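Notes for the structure review
Letter by letter, the chains look like this.
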Amino acid sequence: MITAENLRKEFRVKRGGPVVEAVKGVSFNVPRGAIFGFLGPNGAGKTTTINILCTLLKPTSGKAALNGYDVVSQPHMVRQSIGLVFQDPSLDERLTAWENLEFHGMIYGMPRSLRRTQIGKLLSMVELDKRKNDLVNTFSGGMKRRLEIARGLLHNPKVLFLDEPTLGLDPQTRSHIWGYLHKLREENNITIFLTTHYMDEAENCDSIAIIDNGEMIALGTPDSLKKGVGGDIIYLQAADNKMAAEFVNRMYGYNVSNGGNGISFEVEKGEEFLPSFIKSTDFEIYSVGVRRPTLEDVFLKLTGHAIREESVDAMDSIKAHVRMRRRG
């Protein structure tokens, strides 16, 4: 359904200023009906890639196609094939929920009877049918997000793009939204492409591309990526974490990572290792535990740092540039 081959995108933030390479040779394929995730921190190049696939930006080089249409030479056909939920709010809060969807359907040239049937169906699916005549400015953040998803689905797209779909929402609302998305995929075989920096959210994907600083550094299913980390993770807090780390390295030869108020290291068969380890220690342990690898461990191993919130001025300027393109 989606193919990308060596996509690159460069921006010159200021006239005469340096060139920023936001996307650096990204390649991937997304099968029809799959949930595909771009996992990475803010500023990693996720949104820029989506904007290229959605024809909002032209790539500096490389190729991409969606539903068989080239994103550069056939943008109109690509736009007919996609629904898009932006990271930034884009509803008209002076209109009701119904009016927002009605206006969107008119823009897409949907016949009146089909448009209104589809609006009723989608508002019911996202549980907003009882609020259809209420102004959007009275909605909670979760309700607005559900309405944006309904709007993105109104014209029956082949691909739904979700840019940080649950950003800033509470865990319960995020869970409900994912319930809608899984139901949608099962009933309509729609392809879903999302960006996220939430590790638990990425677990919903059939396959994940991990992206950092504009480069794709891993691609696979959540399970295969976690298996690539290796064994189980032992996490412990000691009276002297430095002494504990030196002990683990000296006695077992494991590489130790510092995190939070303790240390962690990777072992095979952690539950079998832990009892003998505790007996062998010569320092005071406050707490100790074992867990299976997570996607956060994958990201840490591949990049050397934890996933983070990006606050680079250049990236802020790029996002502002894209927002201006949308409004234009």
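Residues numbered from 1 in each chain as written. Predicted model: local features only at pLDDT ≥ 70, side-chain atom pairs only at ≥ 80, totals over all residues. Heavy atoms only, no water.

1. Here's the deal with the overall build of the chain
- What the chain contains, in helices and strands, is 12 helices and 14 strands.
- The buried share among the 328 residues of the chain stands at 47%.
- The contacts in the chain between residues at least 6 apart in sequence include a share of 71% that link residues at least 24 apart.
- Total accessible area on the chain is roughly 16400 Å²; 48% of this is exposed by carbon and sulfur atoms. (Helix = DSSP H or I, 4+ residues; strand = E, 2+ residues; numbered from the N terminus. Buried < 20%, exposed > 50% of the residue type's maximum accessible area, 1.4 Å probe, protein only. Contact = heavy atoms within 4.5 Å. Areas by Shrake-Rupley, 256 points an atom, 1.4 Å probe, with all protein chains shown as cover.)

2. Some remarks on the sheet that holds strand β5 (residues 69–70)
- Strand order across the open sheet formed by 4 strands is β2-β1-β4-β5, with antiparallel pairing between neighbours. Two strands bound the open sheet, and with one partner strand each, they are β2 (19–30) and β5.
- By the bridge criterion, 2 bridges tie strand β4 (residues 61–66) to β5 in an arrangement that is antiparallel. Among the inter-strand pairings, alanine 65 is bridged to a residue of β5, identified as aspartate 70.
- Lying over the sheet, helix α1 (residues 46–53) contacts β1 (2–12), β2 and β4, oriented at roughly 115° with respect to β1. (Pairing = 2+ DSSP bridges. Axes fitted to C-alpha atoms, helices over the stretch in contact; angles between N-to-C directions.)

3. Observations concerning unusual backbone geometry
- Although it is not a glycine, threonine 55 adopts a positive phi angle of roughly 70°.
- Among the secondary structure elements, threonine 55 is positioned in the loop between α1 and β4.
- Its identity is not glycine, yet glutamate 127 carries a phi of approximately 60°, on the positive side.
- Residue glutamate 127 is classed as exposed on the basis of its relative accessible area, which comes to 54%.

4. As for helix α5 (residues 141–153)
- For α5, which comprises 13 residues, the first-to-last C-alpha distance of 19 Å matches the rise-based estimate of 18 Å (1.5 Å per residue) to within 8%.
- Across the 13 residues that make up α5, a large majority, 11, are buried.
- Those residues of α5 not exposed but buried are Gly142, Met143, Arg145, Arg146, Leu147, Glu148, Ile149, Ala150, Arg151, Gly152 and Leu153.
- Its buried side turned inward, α5 meets β6 (82–85), α3 (97–107), α4 (112–125), β7 (159–163) and α6 (171–188). (Expected span 1.5 Å × (residues − 1).)

5. Some thoughts on the pattern of salt bridges
- Tallying each qualifying case throughout the model produces 14 salt bridges.
- A salt bridge links aspartate 92 to arginine 94; its shortest N-O distance comes to 3.2 Å.
- Aspartate 92 gets classed as partly exposed once you look at its relative accessible area, which sits at 26%.
- Given the relative accessible area of 69%, arginine 94 is considered exposed.
- With its nearest N and O atoms 3.3 Å apart, the salt bridge here joins glutamate 102 to arginine 115. (Salt bridge = Lys/Arg side-chain N within 4 Å of Asp/Glu carboxyl O.)

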